[in-house]
Amino acid sequence: MNAEVVYVHLGEVLLKRPLVAEEVAQFKTSLKSVGFELLDDQRGRQIEKIKAIIIDHIHYKEDEKFNFSKVLSNELAKEYSQLSKLFSETEGVTIEHYVILQKIERVKELLAYNEMNLNEISYKLGYSSVAHLSAQFKKVTGLTPTQFKAQDIHLRKPLDIV
């Protein structure tokens with residue numbers, strides 16, 4: 001499209017020049033054909049930033065314990081209550097529930113790799129105990145982590161679908 005990219009980060013792209021209406025329409029169509037969408041409203045961008053921060057912390061940060069309300073407030077420079085209300089209204093689930101869903105997907109991934117035991121996974125993801133992780137896992141998936149692992153099928157969801 002001859003649009004020079006200045007910056008790319010999870011969920012964000014900064015172009016050197018603004019796109020004209022025709023280019024925006026073409027860009028939206030191109031994105032949609034590969035399963036993405038262009039978010040050009042402030043609320044949508046805010047939601048995507050919240051999701052990107054949560055995904056980054058759960059799936060890509062190693063051995064870090066963190067409080068999501070503080071992390072989100074600090075990184076987005078907004079009160080957590082505002083972010084929480086916006087997220088719930090837009091997504092139909094709370095931020096806390098979204099965090100749980102992301103953690104369960106990470107547990108599935110770690111179980112599939114078969115490199116860590118449940119105790120190590122529990123610690124890595126900030127659970128208070130293996131029992132807490134197992135109970136949450138069963139509530140979300142209908143299986144215990146052991147049953148999931150024994151089935152040897154990978155029922156993971158793509159992160160953008162969670």
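Right above here is the structure, for reference.
In short, a report on the structure. None of the values given here were measured: they were computed from a predicted structure.

This part is about the overall build of the protein chain. Helices and strands together make up the secondary structure of the protein chain, namely eight helices and two strands. Counting from the amino terminus, the protein chain carries its helices and strands in the arrangement β-β-α-α-α-α-α-α-α-α. Across the 162 residues that make up the protein chain, the buried fraction comes to 33%. A separation of at least 24 residues holds for 47% of the contacts in the protein chain among residues at least 6 apart in sequence. As presented, the protein chain carries roughly 10500 Å² of accessible surface, and 53% of it is formed by carbon and sulfur atoms.

The next point concerns the nonpolar core. Grouped together as the largest cluster of nonpolar side chains are 28 residues, with contacts concentrated most on Ile50, Ile54, Leu72, Ile95, Val107 and Ile121. Every element with two or more residues in this core is listed here: helix 2 (42-59), helix 3 (68-76), helix 4 (80-91), helix 5 (95-113) and helix 7 (130-141). Take this core: its biggest share by element is seven residues, from helix 5. Ignoring sequence-local partners within four residues, the contact set of Leu72 consists of Ile50, Ile53, Ile54, Ala77, Tyr80, Leu83 and Ile95.

Further remarks concern unusual backbone geometry. Leaving glycine aside, a negative phi is the common case for residues, and trans is the common case for peptide bonds. The phi torsion at Ala77 lies on the positive side, around 55 degrees, for a residue other than glycine. For Ala77, the position within the fold is in the loop between helix 3 and helix 4. By relative accessible area, which is 66% here, Ala77 ends up exposed. At Asn114, a residue that is not glycine, the phi angle is positive and equals roughly 60 degrees. In this structure, Asn114 sits in the loop between helix 5 and helix 6 (118-124). Given the relative accessible area of 52%, Asn114 is considered exposed.

All right, on to helix 5 then. Compared with the 27 Å implied by 1.5 Å per residue over 19 residues, the 27 Å span of helix 5 between its first and last C-alpha is a close match. With respect to burial, helix 5 is a largely interior element, 14 of its 19 residues being buried. After helix 5 finishes, the residue Asn114 shows a positive phi value of roughly 60 degrees.

Basis of the calculations
- Residues numbered from 1 in each chain as written.
- Predicted model: local features only at pLDDT ≥ 70, side-chain atom pairs only at ≥ 80, totals over all residues.
- Heavy atoms only, no water.
- Helix = DSSP H or I, 4+ residues; strand = E, 2+ residues; numbered from the N terminus.
- Buried < 20%, exposed > 50% of the residue type's maximum accessible area, 1.4 Å probe, protein only.
- Contact = heavy atoms within 4.5 Å.
- Areas by Shrake-Rupley, 256 points an atom, 1.4 Å probe, with all protein chains shown as cover.
- Core = buried A, V, L, I, M, F, W, Y, C linked by side-chain atoms within 4.5 Å.
- Expected span 1.5 Å × (residues − 1).

These figures come from the coordinates and say nothing about function on their own.
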